[in-house]
Amino acid sequence: MKSLTKINFTNIKTVGIRVDFNVPIDDNFLITDATRLLRAIETIEFVKKKDCKILLISHFGRPKERFDDKFSFHYLIDQFSKYLGLKLNLVTYENFMKKGLQDFKDSSQKLSLLENIRFFSGEKNNNKDFSKVITDHLDLYINEAFSVSHRSHASVDQMPKNIVSAPGLNFEKELLAIKEIKNSSKKKLAIIGGSKVSTKINTLLSLTKSCSNIFIGGAMANNFLKFQGIPVSSSLLEENSEKMISQIYTLSKKTECEIHLPLDVVLDNGQPITIDRLSLVEKFKILDLSDESMKLLNTLISRSETILWNGPMGMIEEPSFAKGSIKLANLLAETPNEVVIGGGDTLLAIKLANVSFQKYNFVSTAGGAFLEALEDNDLPGVKALNQDQ
């Protein structure tokens, strides 16, 4: 994989950059979190200084491979321009279907955004002919969308194979952060939350090989507590998770990785309770961590050199049950140890805590791709950039 900073731009005039502008919006199409936009600025500015014409490529939402007005960038492009501090020209769906990128090629405008790439059937099908309609007009292709690099889609997998390609500057940082977690000899702690064991089973198995300690929180912890014979009543559970949990414990014993569970929790009535007293309560739901669990986390954090956090510790959609995640965000912001944030809903927890991303060593904007990379999987988007060019 050739670093973007090592590319010779002498004969490069047009550049395609796969970005992730799949931003959250409210009912009025106003962007509620611009993190992903802001992460692309460094790469866009780097290429812009090379005096190249740039075509940005992104998806937005999950349209059904045809034009769908509610997923169109025409509602968002002015906001994109404002956040990026750069004027963007939209290559519309109609124009692209009639002329391909001919108008982009002929235009004097330096920065354009192609309409939602998932409007076109060739994207999800990873169609080579479709990909060449775009890359035949480019001299260089950059993937700055690590968050979708676990997808075998044309803009992730095929387009980088067609022409000279490179990872974006933030894409490289994502890879370096994952490499550090997997390969570093430092004492590591993984704090894993969320709801389903099945979506993170392979991540957890991989982490038991590289971490000294793993703390399981969020609704996922309910399954582990039940596995240990602790009553969880009406708390959210994943069916048939016992075999997966058994695998995790078996491997953790072999690798000498200690699995930690909450010591106390907050129930749906808002009351804290220690785990050993749950048997005294008739009907309840576990919705957050409480003080003793936070003390345990603080101890584990202080004993570790590198900490990975992925997934909220409670039902953060409800302010009453977001306190554990907010406290954890603050604990990690204050530690002098290295902290990597693993994207997904964890970003919402940090936002709720009103903590700057700068307080952590690295904050990933990827969710599924970050986890899959931790699992020792070769992501399609990474493999495509590793090709011989």
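For the structure itself, consult the block above.
Cut-offs applied
- Residues numbered from 1 in each chain as written.
- Predicted model: local features only at pLDDT ≥ 70, side-chain atom pairs only at ≥ 80, totals over all residues.
- Heavy atoms only, no water.
- Pairing = 2+ DSSP bridges.
- Helix = DSSP H or I, 4+ residues; strand = E, 2+ residues; numbered from the N terminus.
- Axes fitted to C-alpha atoms, helices over the stretch in contact; angles between N-to-C directions.
- Parallel < 35°, antiparallel > 145°, perpendicular 65-115°, else oblique.
- Left-handed = near helix turned anticlockwise from the far one by under 90°.
- Contact = heavy atoms within 4.5 Å.
- Nonpolar A, V, L, I, M, F, W, Y, C, P; charged D, E, K, R; others polar.
- Salt bridge = Lys/Arg side-chain N within 4 Å of Asp/Glu carboxyl O.
- Buried < 20%, exposed > 50% of the residue type's maximum accessible area, 1.4 Å probe, protein only.

**Q** Would you mind going over the sheet that holds strand β10 (residues 264-267) with me for this structure?
**A** By way of backbone hydrogen bonds, the strands of a sheet pair with one another, either parallel or antiparallel. Strand order in the open sheet made by the 3 strands is β11-β10-β12, with antiparallel pairing throughout. Taken across any chain shown, the strands that pair with only one partner, and hence form the sheet edges, are β11 (272-274) and β12 (286-289). Within this sheet the neighbouring strands show an average axis-to-axis angle of 45°, counted without direction. In this structure, β10 lies alongside β11, joined through 3 bridges in antiparallel fashion. When the sheet's bridge partners are listed, Asp-264 is paired in β11 with Thr-274.

**Q** How should I be thinking about the packing of helix α6 (residues 128-135) against helix α7 (residues 154-162) in this particular structure?
**A** Pairs of packed helices are described in terms of their axes, by the angle between the two and the distance that separates them. In the contact formed by α6 and α7, the axes pass within 9 Å of each other and the chain directions differ by 65°. As judged from the angle between their axes, α6 and α7 are roughly perpendicular. The crossing of α6 and α7 is right-handed. Note on element contacts: α7 touches α6 through Ala-154, Gln-158, Met-159 and Asn-162, opposite Lys-128, Phe-130, Ser-131, Lys-132, Ile-134 and Thr-135. For the contact of α6 with α7, the residue count by class is 4 nonpolar, 4 polar and 2 charged.

**Q** Help me understand the pattern of salt bridges, please; the structure alone is not making it clear to me.
**A** Between side chains of opposite charge, pairing is possible as soon as their charged atoms come close. Considering all chains together, one arrives at 13 salt bridges under this definition. The partner of Glu-42 in a salt bridge is Lys-173, with the nearest N and O atoms 3.0 Å apart. Here the residue Glu-42 occupies a position in helix α1 (residues 35-48), and Lys-173 occupies one in helix α8 (residues 169-183), the gap between them amounting to 131 residues. Accessibility expressed as a relative area gives 41% for Glu-42, which makes it partly exposed. Here Lys-173 falls in the partly exposed class, since its relative accessible area comes to 37%.

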